[in-house]
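Notes for the structure review
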Amino acid sequence: MERVRVLVFNAALGALDYRVPEGMAVEPGSVVVAPLGPRQIVGIVWEAERLAAKDVPASKLRALLEVLPVPPLHTSLRRLIEWTADYYCAPVSAVARMTLASGSALKGGGTTTEYRLTGEEPARLTPQRAQALDLLHGEQATIRELSEIAGVSEGVLRGMVGAGLIEPVTVDIDRPYPRADASFAVPELTAGQAEAAGLFTQSLRSGGFAPFLLDGVTGSGKTEVYFEAIAEALRQDRQILVLLPEIALTENFLRRFEHRFGVPPVLWHSSLKSTERRRAWRAIAEGTAEVVVGARSALFLPYARLGLIVVDEAHEVSFKQDDGVRYNARDVAVIRARFEEIPVVLASATPALESMQLAEAGVYRRVELADRFGGASLPGIDTIDLRAEPPERGRWLAPRLVEEMHKRLARGEQSLLFLNRRGYAPLTLCRNCGYRFQCPNCTAWLVEHRFSQRLACHHCGHETSVPETCPECGTPDCLVACGPGVERIADEVAEILPEARTALVTSDTLNTPERIGEFVAAAEEGAIDVIIGTQLVTKGYHFPELTLVGVVDADLGLEGGDLRAGERTYQQIAQVAGRAGRASKPGEVLIQTRHPEAPVIAALAAGDRDAFYDAETEARRHAGAPPFGRWAAIIVSSEDEAEARDTARAIGGRRPNHPDIAILGPAPAPMALLRNRYRYRLLINARRSAELQDVIREWLGAFDFPPGVRVNIDIDPYSFV
Ligand SMILES: Nc1ncnc2c1ncn2[C@@H]1O[C@H](COP(=O)(O)OP(=O)(O)OP(=O)(O)O)[C@@H](O)[C@H]1O
Ligand SMILES: [Zn+2]
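Residues numbered from 1 in each chain as written. Chains lettered and ligands numbered in written order. Predicted model: local features only at pLDDT ≥ 70, side-chain atom pairs only at ≥ 80, totals over all residues.

**A look at the UniProt feature "domain: Helicase ATP-binding" (unreviewed entry) in the chain**
For clarity, the threshold we go by: UniProt positions are given in the numbering used here, feature names are shortened, and annotations may be inferred rather than shown by experiment. Only runs of H or I of at least four residues qualify as helices and only runs of E of at least two qualify as strands under DSSP, and these elements are numbered from the N terminus.
Taking the UniProt record as the reference, the feature "domain: Helicase ATP-binding" (unreviewed entry) is found at residues 203-369. The annotated region residues 203-369 carries 38% helix and 22% strand content, and the separation between its end C-alpha atoms amounts to 18 Å.

In structure tokens:
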């Protein structure tokens, strides 16, 4: 009898042993269906020596039910799943679940009927049939799609099927993707670009793990350069994964990719329809999806022959997942490349300090692009000290910024105003009694959105309409908006530049690929004079007529005491500044601030990137912060405040005593209430040498938590709320 260990998709159960019935063949990586009580459960066959399971006597083992018709997961992917679970202290099954991310794909393909011309051409034809014969040449699709292509009714086409002019063919429900052409439109690279691209292609040819940091100034052509690496991997018939930090950037990427390779890449993100998801998943697992571009979840898919990973805008915080398995896709991408023995390129104009440090240490090979493409120079950056040059009363844009915007409008050039705050105003209060609108589920103010005429919580999504009277004192028309959000800045622009054509770019307004596409096209054509946006417009875009960038409130990101606040502020402002003057006309950047002397702002104004990185590196070294030390967080939450507090205290009470580990807390989290759950945190700061994960596992493993309590471990946290 053959006995196998199966990682079942239930975090509480882990791995279970089963019997392989007569005539069934499985190997490590096979995806199977197994009985569990009266139910059935999906699982993955695993090496028994790598996963512990309860020892069940052979006579008690139940038989596997079915092997699913998908390729077994490669050894390299199984090692990645184990590594991720181990490093982030997550259940192995929770990580493995991200791999099998399409339920319907696991059932295998099905077939469907499509239609095409038979080649029969009778002498006499109705005009409609003649038109169909003409237009359907070389087409194969459903009757409905053919009727659209031919411009005739479905009835006409069905008649043609009856007459033997069109025939049915049975095909796989998931159509193959069109093939990319590595030589479709090869650009002429500058000497510097060619050198960088050469390093990538060379490493692809010689094979093996090779991590690169593609560190190029904004507008230097990083995309063009890694496209050459993609072309080389395509020529080798390998698959390529490109990770982008947010879906808003994919639209732009798709167009550029299609220009270069003739066809769009395969998309992967959380809002794919289930049929698209199945099609993509199967093509990825079978190896017919050549280039996959996606958000972080694309990282765990079962590529048949992955040859290259690119992480674009690799510094972006959104690569860190903050629920479920709390992994950092940038870091795991490098680990995946190591297991797959392939190159990985992290591209950024403002690399994370952690990445810089690894490059410094020689772990990553640093590839620099020091100049902008086409002779464009980096924009000049100046600060506006809001204490010395304040905006008019009730306004947010300083006179100098407004004057420059006027000049741009007169010259037919574009301005971009950046403020990383959605909505109209971050706080609404009653002028009469001081009542403030707060979220009932979170420790947060409600943000007024005039666009949708709602008050909304940006943490849990709670919304209410804006009342006409104060809910506390009943005074009518007494609500005042405090502080600006982008919508308020848009109102101000409409007042000061009434003739300007403006675009408001936030996740509230640009929430579909179509809308993003329309915005990008309009901005490129010069149909927009002023863009007002959140971090959504800070990166990736290339608008030739954009010559002025105004940062409305540079101090915003520095509040809050987040460990990476300085770095994030630097990156955001450097990125948005990088949108200015990318073509022939020079760009100018004005940063509004109350603290022009703050090191981050001073380094930005001086254009001195090294000064910023040096100062930040020293500060981190001193604080034992990453990359010199490590942080982890334990977040205890419950709908019952006392239960959350007591559990957190119990955990704190049994803190391990370890010379290389300092434990802070428990304390109420800054977001002490989030989505109706009370939250307490413990923060752990460890030396690099400490076995941090083992210590945490041992510490928390000794507890049996009440069922209403969640205890989450966040290794290398990015969010400190
Ligand atoms: N060799 C080249 N030939 C033609 N056009 C190029 C070349 N290199 C760069 N470009 C163009 O220059 C512009 C900037 O390039 P790209 O967007 O790749 O820069 P980037 O380094 O990714 O910038 P950012 O980090 O600011 O997003 C693009 O419009 C790109 O098409
Ligand atoms: Zn809320």
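Back to the text.
**Describing the domain arrangement of the chain**
Worth spelling out the cut-off: All domain edges in this entry derive from an automatic or database-based domain assignment. Note on contacts: each residue gets a C-beta atom placed from the backbone, and two residues are in contact if those atoms are within 7 Å. When residues are sorted by character, Ala, Val, Leu, Ile, Met, Phe, Trp, Tyr, Cys and Pro go into the nonpolar class, Asp, Glu, Lys and Arg into the charged class, and all the rest, Gly among them, into the polar class.
Here the domain parsing of the chain yields domain 1 (2-99), domain 2 (111-172), domain 3 (191-374), domain 4 (376-421 + 484-618) and domain 5 (629-715). When each unit is reduced to the centre of its C-alpha atoms, the spacing between domain 1 and domain 3 is 30 Å. On the side of domain 3, 16 residues touch domain 1, which itself brings 15 residues to the contact. The set of elements that each furnish at least two residues to the side of domain 1 that touches domain 3 consists of helix H1 (75-87) and helix H2 (92-99). Here the side of domain 1 that touches domain 3 is composed, by residue class, of eleven nonpolar, three polar and one charged.

**Focus: the sheet that holds strand E22 (residues 502-505)**
Pairing between sheet strands relies on hydrogen bonds along the backbone, with the strands arranged either parallel or antiparallel. Put simply, the test is: Any two strands between which DSSP finds at least two bridges are classified as paired. Structural elements are reduced to axes, namely lines fitted to C-alpha atoms, with helices fitted over the stretch in contact, and the angle between N-to-C directions of any two is expressed from 0 to 180 degrees.
Read across the open sheet, the six strands follow the order E15-E25-E24-E16-E23-E22; overall the sheet is parallel. The strands lining the two open edges of the sheet, one partner per strand, are strand E15 (380-385) and E22. Averaged over all adjacent pairs, the angle separating strand axes in this sheet is 15 degrees, with direction ignored. Relative to strand E25 (residues 588-593), strand E24 (residues 546-551) runs parallel, the two being bridged by four bridges. Across the sheet, residue Val-549 finds its bridge partner in E25, namely Val-589.

**Brief notes about the site of ligand 1**
Threshold: In this analysis, residues qualify as near a molecule or strand once their C-beta atom, positioned from backbone atoms, comes within 6 Å of it.
Close contacts around ligand 1 come from 19 residues, with Thr-218, Gly-221, Lys-222, Thr-223 and Phe-373 the closest. Ranked by the residues each element gives to the shell around ligand 1, the list is headed by helix H7 (residues 222-235), at three residues. Taken together, the residues of the shell around ligand 1 sort by class into four nonpolar, eleven polar and four charged. The residue makeup of the shell around ligand 1 includes at least three contributed by each of domain 3 (191-374) and domain 4 (376-421 + 484-618).

**Comments concerning the environment of Val-169**
Topologically, Val-169 is positioned in strand E7 (residues 166-172). Note: C-alpha distance between Val-169 and Thr-190 (21 residues apart in sequence) is 49 Å. Contact partners of Val-169, with chain neighbours within four places excluded, come to Glu-114, Arg-116 and Gln-140.

**So, the packing of helix H6 (residues 191-206) against H7**
The cut-off we apply is this: Comment on the angle field: the value is read as roughly parallel under 35 degrees, roughly antiparallel over 145, roughly perpendicular from 65 to 115, and oblique elsewhere. Left-handed is the label given to a crossing in which the near helix is rotated counterclockwise from the far helix by less than a right angle, and right-handed is the label when the rotation is clockwise.
Following both chains from N to C, one finds H6 and H7 inclined at 30 degrees, their axes separated by 9 Å at the closest point. Of the possible angle classes, the one that applies to H6 and H7 is roughly parallel. As H6 runs across H7, the sense of the crossing is right-handed. In contact with Gln-193, Ala-196, Ala-197, Phe-200, Thr-201 and Leu-204 of H6, H7 contributes Glu-224, Val-225, Tyr-226, Glu-228, Ala-229, Glu-232 and Ala-233. Its residues placed into classes, the contact of H6 with H7 shows eight nonpolar, two polar and three charged.

**Some words on the UniProt feature "binding site: Zn(2+) 2" (unreviewed entry) in the chain**
So the rule is basically this: Put simply, a residue is buried when 20 or more other C-beta atoms lie within 10 Å of its own C-beta and exposed when 12 or fewer do; between those, it is partly exposed, and each C-beta is set from the backbone.
UniProt marks Cys-439, Cys-442, Cys-457 and Cys-460 with the feature "binding site: Zn(2+) 2" (unreviewed entry), using the numbering shown here. In sequence the annotated residues extend across 22 residues, while in space they remain close, none of their C-alpha pairs exceeding 8.7 Å. Here Cys-442 shows up in the loop between strand E17 (427-430) and strand E18 (447-449). By the C-beta count within 10 Å, which is 23 here, Cys-442 ends up buried. Setting aside chain neighbours within four positions, we find Cys-442 in contact with Cys-457, His-459, Cys-460, Met-671, Leu-673, Leu-674 and Arg-675.

**A closer look at the environment of Arg-338**
Summarising the element assignment, Arg-338 is placed in helix H10 (residues 329-340). A count of 18 C-beta atoms within 10 Å places Arg-338 in the partly exposed class.

**With respect to H2**
Across the eight residues of H2, six count as buried, placing the element largely inside the fold. Along H2, the positions that sit buried rather than exposed are Val-92, Ser-93, Val-95, Ala-96, Arg-97 and Thr-99. Turning to H2, the residues buried within the fold contact strand E1 (2-8), strand E4 (39-46) and H1.

**A few points about unusual backbone geometry**
Trans peptide bonds make up the majority, and among non-glycine residues the majority have a negative phi. Going from Pro-626 to Pro-627, the amide bond is cis rather than trans, its omega being 5 degrees. The residue Glu-313 is not glycine, and still its phi comes out positive at about 50 degrees. Mapped onto the secondary structure, Glu-313 falls in the loop between strand E12 (306-311) and H10. Its 24 C-beta neighbours within 10 Å are what place Glu-313 among the buried residues.

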